[in-house]
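Architecture at a glance
Residues per chain, in single letters:
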Amino acid sequence: MASTSDNLDDMTMLEREQWLIDRGIEIEKSDDTSKLHRAISGTVLGDDDRPMTIVEQVNLLSVIKGGSSSNSRIQGVKFVFVPHDTSKPISEVTLPSPLVEVLGPAGDILPTYVRSYFADGNTIDERLFREQVGRQKLMCDKPIELSSNAIMNATSSGSVETFPLVRPSSTNNHQGVYIYLDEVGMLKKLPLNIRASKIAGQCGYHPQPKFYGDVFIGRVEAKPSHYMYNIDLQVKDVVDAKSEWLVNAPRENLEWTQALNQATKGNFGTNTKNEINDGTDGIPVHVQQDNCRFFSWLQCQNEIEVTLPLLSDADAKEGKIAIKSLINVIFLRKKITVKYNKNLLLELNLYEEIDVDGCTWTLDKDMLVITCEKYDGRKIWPRLE
């Protein structure tokens, strides 16, 4: 077990203070620290020297011509704001230097800073909440019992979920890029963020995950033996499909999945992969086949979805397109076979049976998307094959 000092070292300043307060230790805050706390919570002060809140920065974007990055007086780490409204531009905002200096250097500060933006006063849809609770009870032996009021109380001051577009690794200079979104955006029935989903698709997530409401995208660096800390991410890094991190993200995500599967082998005294509930929660599993081609898959209680590229990387770079008439997909009760131009691309021996009459496929550019209803639509598969 880690010592108390180790735990404190891993905490942010706010967490350290709360840890002490919970143990009856009174803390006298300096004027600067009090301003910092109020700034993070979104409280509007009258002082010119306080850090600008994220809510104020986003509001400022609507009055700046062209929605350009927040005004030049703000010094700090740049990150990106992606509104769900496609008529509004993707813009740069700033993590103010005073917050970086006080909350840093350790850890990703962005969840703390953007949290107040998601305290928007929207209520959770009771019907959607009940549906999610029902799914959890089917998927878990001992589901957590929560009421919609409890969720609202826990998220009333803003609740942030992070989604990894690419994780830090030795192949990307230990730099990761993450989406920061409203953790209960779906339950609030916020609009889909089409552009955020497209960016995730560019990073190798197929089918594209769904994000609800406005989101932020930021970058961190986490070199071995060093703290993780926030670094600049500009709009051009996100919107330019030729950005180095975007081009390399699919391969790096695939390698990360392979490394994770390798690391979890034998956890239960066998040589099988630890894939319990893989493919759930909208997070695809990326798989590389023996022929070096890859595919990804998702599942819910009722169906599975498999996505694979029909063209090689070389053909795609040459601008070639997939031809629908050359696709041949064969569905058997426990097997899916895919051929393109008579070449075998995929042969899956499934973990459980599928309903052959409930199977279909569609073509999305060069991506083949296969959807199959499970024969027993009451359980989550521990693995695909």
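Residues numbered from 1 in each chain as written. Predicted model: local features only at pLDDT ≥ 70, side-chain atom pairs only at ≥ 80, totals over all residues. Heavy atoms only, no water.

As for the sheet that holds strand 11 (residues 335-340)
Applied cut-off: At least two bridges found by DSSP between two strands are what make those strands a pair. Each helix is a run of H or I in the DSSP string that is no shorter than four residues. Each strand is a run of E no shorter than two, and both are numbered from the N terminus. To get an axis, a line is fitted to the C-alpha atoms, and for a helix only the part in contact is used. The angle between two axes follows their N-to-C directions and goes from 0 to 180 degrees.
Here three strands make up an open sheet; going across it, the order is 10-11-12 and the pairing antiparallel. For this open sheet the edge positions go to strand 10 (327-332) and strand 12 (343-349), each flanked by a neighbour on one side alone. Between one strand axis and the next, the sheet turns through 10° on average, direction left out of account. Judged from the six bridges that link them, strand 11 and strand 12 form a sheet pairing that is antiparallel. Bridge assignment links lysine 335 to a residue of strand 12, and that residue is asparagine 349.

Quick word on the side chain of lysine 78
Put simply, the rule reads: Per-residue accessibility, obtained with a 1.4 Å probe over protein chains only, is compared with the maximum for each type, and a residue is labelled buried under 20%, exposed over 50%, and partly exposed between these values. In this tally Asp and Glu are treated as negative and Lys and Arg as positive; neither His nor the chain ends contributes. Only one rule defines a salt bridge in this text: a Lys or Arg side-chain nitrogen within 4 Å of an Asp or Glu carboxyl oxygen.
Inspection of the secondary structure puts lysine 78 in strand 1 (residues 76-82). No salt bridge is formed by the buried lysine 78; its nearest oppositely charged neighbour, glutamate 92, is found at 5.4 Å.

Topic: the pattern of salt bridges
The tally for this structure, following the rule as stated, stands at six salt bridges. The closest approach of N and O atoms between lysine 335 and glutamate 347, which form a salt bridge, is 3.0 Å. Of this pair, lysine 335 sits in strand 11 while glutamate 347 is found in strand 12, placing the two residues 12 residues apart along the sequence. Taken together, the shared-partner salt bridges in this structure form one network comprising Asp120, Asp182 and Lys188.

Some points on the nonpolar core
Let me state the cut-off plainly: To form a nonpolar core, buried Ala, Val, Leu, Ile, Met, Phe, Trp, Tyr and Cys residues must be joined to one another through side-chain atoms within 4.5 Å. The contact criterion used is simple: two residues touch if any of their non-hydrogen atoms lie within 4.5 Å.
Counting residues in each nonpolar core, the largest one holds 26 residues, and the members touching the most others are Ile336, Ile354 and Ile370. Sorting the residues of this core by element identifies strand 8 (294-299), strand 9 (303-309), strand 10, strand 11, strand 12, strand 13 (354-364) and strand 14 (367-374) as the ones contributing at least two each. The contact partners of isoleucine 354, leaving out residues within four places of it in the chain, are Ile304, Phe331, Leu332, Arg333, Ile336, Cys359, Cys372, Glu373, Lys374, Tyr375 and Trp381. Of all hydrophobic cores here, the second largest spans 23 residues; its members include Ile90, Val166, Ile179 and Trp245.

Digging into helix 9 (residues 194-202)
Within helix 9, the full set of buried residues consists of Arg195, Ala196, Ser197, Ile199, Ala200 and Gly201. Downstream of helix 9 by one or two residues, glycine 204 has phi in the positive range, about 105°.

What to know about the sheet that holds strand 8
Ordered in space as 7-8-9-14-13, the five strands form an open sheet in which the pairing is antiparallel. Each edge of the open sheet carries a strand with a single partner, namely strand 7 (285-288) and strand 13. When strand polarity is set aside, the average angle formed by the axes of neighbouring strands in this sheet is 20°.

What to know about the packing of aromatic side chains
Under the convention used in this document: By convention, a stacked pair of Phe, Tyr or Trp rings (six-membered ring in the case of Trp) has centres within 6.5 Å and planes under 30 degrees apart, an edge-to-face pair has planes over 60 apart, and any other such pair is tilted. By definition, being over a ring means that NZ of Lys or CZ of Arg is both within 6 Å of the ring centre and within 35 degrees of the ring normal.
Enumeration according to the criterion identifies nine aromatic pairs in this entry. An aromatic cluster is built from Phe79, Phe81, Tyr113, Tyr117, Phe118 and Phe216, whose rings are joined through pairwise contacts. The lysine or arginine in question, arginine 167, covers the ring of tryptophan 256, its NZ or CZ lying 3.5 Å from the ring centre. The positively charged end of arginine 333 is found above the aromatic ring belonging to tyrosine 375, 4.5 Å away from the centroid.

A few points about the layout of surface pockets
A water-sized probe, rolled over the atoms, reveals where empty space remains. The criterion, for reference: Using protein atoms alone on a 1 Å grid, points that fit a 1.4 Å probe yet trap it form a cavity, whereas open point sets bounded by protein on both sides within 12 Å along at least five of seven lines form a pocket; residues with an atom within 4 Å of a point count as lining. Grid points are joined across faces, edges and corners, and a volume is the space filled by probe spheres set on the points. Under the grouping applied here, Gly and all other residues not named as nonpolar or charged are polar, the nonpolar ones being Ala, Val, Leu, Ile, Met, Phe, Trp, Tyr, Cys and Pro and the charged ones Asp, Glu, Lys and Arg.
Of the pockets and cavities examined, the second largest pocket occupies roughly 1,600 Å³. If you trace the second largest pocket, you find 38 residues lining it, with Gly201, His206, Pro250, Asp366 and Met367 closest to the centre. For the lining of the second largest pocket, the elements supplying multiple residues, two or more each, are helix 9, helix 11 (244-263), strand 7, strand 9, helix 12 (313-317) and strand 14. Residue classes in the lining of the second largest pocket are distributed as 16 nonpolar, 11 polar and 11 charged.

A closer look at helix 4 (residues 54-61)
Regarding helix 4, the residues found buried are Ile54, Glu56, Gln57, Val58 and Leu61. Packing partners of the buried residues in helix 4 comprise strand 1, strand 2 (91-96), helix 6 (110-114) and strand 5 (215-221).

Some words on the pairing of strand 10
Side-chain positions along a regular strand alternate between the two faces of the sheet. Going residue by residue along strand 10, you find Ile327, Val329 and Phe331 tucked away on one face and Asn328, Ile330 and Leu332 left uncovered on the opposite face. In the sheet, strand 10 pairs with strand 11 via six bridges, with the strands oriented antiparallel. Its bridge partner being in strand 11, valine 329 is matched across the sheet by valine 338. Linking two consecutive strands that pair antiparallel, namely strand 10 and strand 11, is a turn of two residues.

Topic: the environment of glutamate 305
With respect to the element layout, glutamate 305 can be found in strand 9. Spatially, the C-alpha atoms of glutamate 305 and valine 369 are 7.0 Å apart, while their sequence positions differ by 64 residues. Discounting residues that sit within four places of it in the chain, glutamate 305 has contacts with Pro207, Ser296, Trp297, Leu298, Val369, Ile370 and Thr371.

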